[in-house]
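# Structure assessment
Each chain, written out:
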Amino acid sequence: MKKKLIIFFLIVTNSGYAHDVKMAVFEIFQDEYGFQMSITLDKEDFLRTLSSLYGAGPDNLRDLQGRVWQYFDSHLMITINDQCTSLTINTIQHGKENIVLNCSLNLPVGRVEEVRIENYCMIDQIDKHENIMRLKLSDRDRSFRLNRDRVSTTAKYDI
């Protein structure tokens, strides 16, 4: 199953996220600055979600940028080694089809023993939406599919 999910992910990323599949990709990795996360969202679906919750027009991305952090703060929880992370959005880039957020998870660099994730992003607003969680940690690349039936997962790493 993991191999199929990774192959599917590679096909989608090589096609520029132009797809009919309702999904977002969350990739967590660690570098010399700490834990980082890249979030790639379907632009139309995400703007419609923010518009539904916060009342601004879906074409007005600048006015909604202040709500982006608030949205992720209430819909995404990441715990690494029993420490709940907070999210800092460093950049928001958008093209015709998608929005990419580059974020820092405010935890120091360290050995990863366990990652727990609860992700409710867009699954309550977009029918059949799925969130792909990709963890590139401790020299391993792991992927998980979250949706209405499964909103959380835990990844354990050998010490």
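In this report, we go over the structure that sits alongside the text. Since we're looking at a predicted model, the values are computed, not measured.

## Section: the sheet that holds strand S9 (residues 140-146)
Taken together, 6 strands build an open sheet; the order of strands is S5-S6-S2-S1-S8-S9 and the sheet is mixed. A strand with exactly one partner marks an edge of an open sheet, and here the two such strands are strand S5 (87-94) and S9. Strand-to-strand twist across the sheet, computed as the mean angle between neighbouring axes with direction ignored, equals 15 degrees. Sheet topology places strand S1 (residues 23-31) next to strand S8 (residues 130-137); 7 bridges connect them, and they run parallel. Within S8, the residue paired with Phe26 across the bridge is Met133.

## Focus: the pattern of salt bridges
Summed over the entire model, instances satisfying the criterion amount to 10 salt bridges. Across the salt bridge formed by Arg116 and Asp82, the nearest N and O atoms sit 3.3 Å from each other. Residue Arg116 is located in strand S7 (residues 114-119), and its partner Asp82 is located in the loop between strand S3 (76-80) and strand S4 (83-84); the two are separated by 34 residues in the primary sequence. On the basis of relative accessibility, which here comes to 59%, the residue Asp82 falls in the exposed class. For the salt bridge of Lys156 with Glu114, the shortest nitrogen-to-oxygen distance reads 3.6 Å. Here Lys156, found in strand S10 (residues 152-156), pairs with Glu114, found in strand S7; they are 42 residues apart in sequence, far enough to count as distant. One continuous salt-bridge network, built from bridges that share partners, spans Lys22, Glu44, Asp45 and Arg48.

## Here we look at the side chain of Glu114
Since its relative accessible area comes to 17%, Glu114 is described here as buried. Other than its neighbours up to four places away in sequence, Glu114 contacts Thr79, Ile80, Asn81, Asp82, Thr154, Ala155 and Lys156.

## Comments concerning helix H2 (residues 43-54)
Relative to the 16 Å expected for 12 residues at 1.5 Å per residue, H2 spans 16 Å between its end C-alpha atoms, a close match to the ideal helical length. Turning to H2, its buried residues number three or more, namely Lys43, Asp45, Phe46, Leu47, Thr49, Leu50 and Ser51. Looking one or two residues beyond H2, the residue adopting positive phi is Gly55, at roughly 80 degrees.

## Quick word on the packing of aromatic side chains
Counted under the stated rule, the structure contains 4 aromatic pairs. Judged by centre distance (5.7 Å) and plane angle (75 degrees), the ring pair of Phe46 and Tyr71 falls under edge-to-face. Linking Phe46 in helix H2 with Tyr71 in helix H3 (residues 61-75), this pair joins segments that are 25 residues apart in sequence. A residue is classified by how much of its surface remains accessible, and Tyr71, at 0% relative accessible area, is buried. According to the relative accessible area criterion, Phe46 is buried, its value standing at 1%. Among the aromatic residues, ring-to-ring pairing joins Phe26, Phe46, Tyr71 and Phe72 into one connected group. Across the ring face of Tyr157, the terminal group of Arg142 is positioned such that the distance to the ring centre comes to 5.1 Å.

## Focus on the pairing of S10
Covered by surrounding structure in S10 are Thr153 and Ala155 only, the residues Ser152, Thr154 and Lys156 on the alternate face being uncovered. When S7 meets S10, the two strands line up antiparallel, connected through 5 bridges. Considered in S10, the bridge of Arg116 is made with Thr154.

## A word on the environment of Ile123
Relative to the helices and strands, Ile123 resides in the loop between S7 and S8. Placed 24 residues apart in sequence, Ile123 and Asn147 show a C-alpha to C-alpha distance of 6.2 Å. Leaving out residues up to four positions away in the same chain, Ile123 has contacts with His129, Asn131, Asn147, Arg148 and Val151.

Rules of the game
Residues numbered from 1 in each chain as written. Predicted model: local features only at pLDDT ≥ 70, side-chain atom pairs only at ≥ 80, totals over all residues. Heavy atoms only, no water. Pairing = 2+ DSSP bridges. Helix = DSSP H or I, 4+ residues; strand = E, 2+ residues; numbered from the N terminus. Axes fitted to C-alpha atoms, helices over the stretch in contact; angles between N-to-C directions. Salt bridge = Lys/Arg side-chain N within 4 Å of Asp/Glu carboxyl O. Buried < 20%, exposed > 50% of the residue type's maximum accessible area, 1.4 Å probe, protein only. Contact = heavy atoms within 4.5 Å. Expected span 1.5 Å × (residues − 1). Phe/Tyr/Trp six-rings, centres within 6.5 Å; stacked < 30°, edge-to-face > 60°. Lys NZ or Arg CZ within 6 Å of the ring centre and 35° of its normal.

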